[in-house]
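In case you want the letters, here they are:
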Amino acid sequence: MDRYLTLPEGHFDVFLRDRIEPVVDPQLPREQAGFRRGRSTVDQVTLLTQDIEDSFQAKEKVGVVLLDLTAAYDTVWHRGLHLKLLRTIPDWHMVKFIMEMLSNRSFILRTSDGQRSRLRRLRNGVPQGSVLSPLLFNIYIHDLPETTSRQYGYVDDLAIMLRRTTWSAVEQGLNQDMGILAAYLRKWRLQLSTGKTVSAAYHLCNREAKRELSVSVDNKRL
């Protein structure tokens, strides 16, 4: 009798995810809703909308920054992910297996005229399209630093919101928090796209309909 476990293509990732998800999910921050049971994008949009409406009731001004990460899945640093897996999964053998699976990925570049590159090994990133990748990415950013602003996350889509009584206080707080997040992203080799990261002001004053926030990252205004 064949004693080896065989799984159809793609099902092995599901098997791994189902094994580690019950252990990892309780350790993920409540602000992260991406690919988690009972959570969705709608929840985060609804929560952000409700928080903005609550600020209007309190006669406060609101600033929001929507962060965009460049090729987030492809830039996951393997050594950093290895460290965070060891911190969240109490099974050294499982972590070693996952890292071996990630490190044994390679590619060949083919051009339209038939030329091809030599085989190259991928040293960063998690597999696109794998059901395991969103969970691995959630683990990779599960330790996002706390900020004064409230955080909302859906995998690599991040937003922060700050409500204050004056625009200067909103801008000061958002600038400080973006400095904290930018430093974290640099440390773990994730790339913030300053061209696609935007800030927005929310208020009920028609005279300030064109209000723009002065929020910068690395001396680049958003």
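Since this is a predicted model, take the numbers as computed values, not measurements.

Undergrad: Residues and numbers for the packing of aromatic side chains, please.
TA: One pass over the full model with this rule turns up four aromatic pairs. Look at Phe-35 and Tyr-154: their rings are 5.9 Å apart centre to centre, the planes differ by 40 degrees, and that puts the pair in the tilted class. One end of the pair, Phe-35, is in the loop between α1 (11-24) and α2 (41-57); the other, Tyr-154, is in strand β4 (residues 150-154), and 119 residues separate them in sequence. When its relative accessible area of 23% is taken as the criterion, Tyr-154 is described as partly exposed. Between Trp-77 and Trp-188 the ring centres are 6.3 Å apart and the planes differ by 45 degrees, which places this aromatic pair in the tilted class. On the criterion of sequence distance, the pair formed by Trp-77 in the loop between β1 (61-67) and α3 (78-88) and Trp-188 in the loop between α6 (167-187) and β6 (198-202) is long-range, its members being 111 residues apart. No difference in accessibility class separates Trp-77 from Trp-188, as the two residues are buried.

Undergrad: Outline the packing of α1 against helix α4 (residues 92-103), supporting the account with residue identities and numerical values.
TA: It is the contact of α1 with α4, at a shortest axis distance of 12 Å, that shows an interaxial angle of 145 degrees. The way α1 lies across α4 gives a crossing that is left-handed. Between α1, through Phe-12, Asp-13, Leu-16, Arg-19 and Ile-20, and α4, the contact on the second element is made entirely by Met-94, Phe-97, Ile-98 and Met-101. In terms of residue class, the contact of α1 with α4 is made up of seven nonpolar, no polar and two charged.

Undergrad: Residue-level account of the pairing of strand β5 (residues 157-164), with values.
TA: Both β1 and β5 contribute to a ladder of seven bridges, which runs antiparallel. Its bridge partner lying in β5, Lys-61 is registered against Arg-164. The turn joining β4 and β5, which pair antiparallel and follow one another in sequence, is formed by two residues; a positive phi near 55 degrees is taken by Val-155.

Undergrad: Quick one: what's the story with the side chain of Gln-32, residue by residue and with numbers?
TA: Along the chain, Gln-32 turns up in the loop between α1 and α2. Look at Gln-32 and you get buried, because its relative accessible area is 6%. For Gln-32, the side chain forms a polar contact with the main-chain nitrogen of Gly-34, separated by 2.9 Å. Excluding anything up to four places from it in sequence, Gln-32 contacts Arg-39, Asn-138, Ile-141, Gly-153, Tyr-154 and Val-155.

Undergrad: Lay out the packing of α3 against α4 in plain terms, naming residues and giving numbers.
TA: As a packed pair, α3 and α4 sit with axes 10 Å apart at the nearest point and diverge in direction by 160 degrees. The angle between α3 and α4 falls in the class roughly antiparallel. The crossing of α3 and α4 is right-handed. The residues of α4 that touch α3, namely those facing His-78, Leu-81, His-82, Leu-85 and Leu-86, are Trp-92, Val-95, Ile-98, Met-99, Leu-102 and Ser-103. By residue class, the composition of the contact of α3 with α4 is eight nonpolar, three polar and no charged.

Undergrad: Can you break down α2 residue by residue, with the values?
TA: Over its 17 residues, α2 runs 25 Å from end to end, which matches the ideal 24 Å to within 8%, given 1.5 Å per residue. Considered for burial, the residues of α2 that qualify are Gln-44, Leu-48, Asp-51, Ile-52 and Ser-55. Along the axis of α2, the buried positions cluster into a sector of 95 degrees, meaning they face one direction only. Exposed side chains of α2 directed beyond 90 degrees from the buried face belong to Val-42 and Gln-57. Looking at the buried residues of α2, the elements they touch are β1, β4, β5 and β6. Trailing α2 by a residue or two, Lys-59 shows a phi angle of about 60 degrees, which is positive.

Undergrad: Could you give an account of the environment of Leu-69, with specific residues and numbers?
TA: You can see Leu-69 is positioned in the loop between β1 and α3. Overall, Leu-69 belongs to the buried group, its relative accessible area being 7%. Spatially, the C-alpha atoms of Leu-69 and Leu-192 are 4.6 Å apart, while their sequence positions differ by 123 residues. Those residues in contact with Leu-69 that lie beyond four places of it in its chain are Phe-137, Asp-156, Leu-185, Gln-191 and Leu-192.

Thresholds applied
Residues numbered from 1 in each chain as written. Predicted model: local features only at pLDDT ≥ 70, side-chain atom pairs only at ≥ 80, totals over all residues. Heavy atoms only, no water. Phe/Tyr/Trp six-rings, centres within 6.5 Å; stacked < 30°, edge-to-face > 60°. Helix = DSSP H or I, 4+ residues; strand = E, 2+ residues; numbered from the N terminus. Buried < 20%, exposed > 50% of the residue type's maximum accessible area, 1.4 Å probe, protein only. Axes fitted to C-alpha atoms, helices over the stretch in contact; angles between N-to-C directions. Left-handed = near helix turned anticlockwise from the far one by under 90°. Contact = heavy atoms within 4.5 Å. Nonpolar A, V, L, I, M, F, W, Y, C, P; charged D, E, K, R; others polar. Pairing = 2+ DSSP bridges. Polar contact = N/O pair within 3.5 Å; in protein donor to acceptor, adjacent residues only side chain to side chain. Parallel < 35°, antiparallel > 145°, perpendicular 65-115°, else oblique. Expected span 1.5 Å × (residues − 1). Arc of directions from axis to C-beta.

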